[in-house]
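Chain and residue survey
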Amino acid sequence: MNNEHQEQSKQISGDTVNIQDGGAAVIKGNKVNIKDGGALIIQGGAVDIKEGGAVVIVGETISLHEGGGGILLAQQAELKQGSVLLLAAKEVSGEANIIFDLKAALLFGFVVGLMVGVVKALLARRAA
C-alpha cells in the first residue's frame, strides 16, 4: 500500500508513506518519506525527512536533511544540516546540531533529579 499525502491528517499508516507539503499527528510505515512536512510522532523502519521534522521519530534508520527533530531513536541516524534535541542511535553519521546525546541526557536527568530531591528535603525540613 502506497499512501501519498499533501494535507494535514491525524494519523497515516501504510507500508510506504510519502508526504509532501503536509503533515500528520502520527505516521506509521515501513518506509516513511517526508519532504517539506512533518509530524508529531513518526514510527517506521526507514524514515527519510528532507526539509521537515517531527517531535518524536523512532526508526531502524533515520535520515534527516535540513530538518529538525525533538527525540530521535534509531539503530542508524544520518543527519545533515539539522537540529536535534535528543539523539539515541547506535550509529550516527553526518553533521547536525545535537543538544543531548544519550549520555548527556542521562547525566542531565540525574542532576535535575538530585536538585529536586535536595530542594524537597530542604522545604520539608523548613516546614517541620
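Read on for a plain summary of the structure. All figures in this text were calculated on a predicted structure; none of them were measured in a lab. (Residues numbered from 1 in each chain as written. Predicted model: local features only at pLDDT ≥ 70, side-chain atom pairs only at ≥ 80, totals over all residues. Heavy atoms only, no water.)

Before going further, it helps to examine the side chain of His65. As for its placement among the helices and strands, His65 is situated in strand β5 (residues 53-65). Relative accessible area serves as the criterion here: at 18%, His65 is assigned to the buried category. The residues contacting His65, other than those within four sequence positions of it, are Asp48, Ile49, Lys50, Glu51, Glu78 and Lys80. (Helix = DSSP H or I, 4+ residues; strand = E, 2+ residues; numbered from the N terminus. Buried < 20%, exposed > 50% of the residue type's maximum accessible area, 1.4 Å probe, protein only. Contact = heavy atoms within 4.5 Å.)

For the structure shown, the criterion picks out four salt bridges. Residues Asp36 and Lys35 are paired through a salt bridge, measuring 3.8 Å at the closest nitrogen-oxygen approach. Residue class for Lys35 comes out partly exposed when judged on its relative accessible area of 34%. Because the salt bridges share partners, they merge into one network encompassing Lys35, Asp36 and Glu51. (Salt bridge = Lys/Arg side-chain N within 4 Å of Asp/Glu carboxyl O.)

One finds Ile27, Ile34, Ile42, Val47, Ile49, Ile57 and Leu72 to be the most contacted residues of the largest nonpolar core, which totals 21 residues. Elements supplying a minimum of two residues to this core: β2 (8-20), β3 (23-35), β4 (38-50), β5 and β6 (68-101). Among the elements that make up this core, the one with the highest residue count is β6 (six residues). Beyond its immediate chain neighbours, meaning those up to four positions away, Ile42 contacts Ile27, Val32, Ile34, Val47, Ile49, Ala54, Val56, Ile57 and Val58. (Core = buried A, V, L, I, M, F, W, Y, C linked by side-chain atoms within 4.5 Å.)

Right, let's get into the environment of Leu79. Assignment of secondary structure puts Leu79 in strand β6. Leaving out residues up to four positions away in the same chain, Leu79 has contacts with Leu64, Leu72, Val84, Leu87, Val92, Ser93, Gly94, Glu95, Ala96 and Ile98.

Moving on, we get to a nonpolar patch on the surface. Together, Leu107, Phe110, Val111, Leu114, Met115, Val118 and Leu122 make up an exposed nonpolar region whose accessible area comes to about 700 Å². Positionally, Met115 belongs in helix α1 (residues 102-127). (Patch = residues over 30% accessible without salt bridge, like charges linked within 9 Å, V, L, I, M, F, W, Y side chains within 5 Å. Areas by Shrake-Rupley, 256 points an atom, 1.4 Å probe, with all protein chains shown as cover.)

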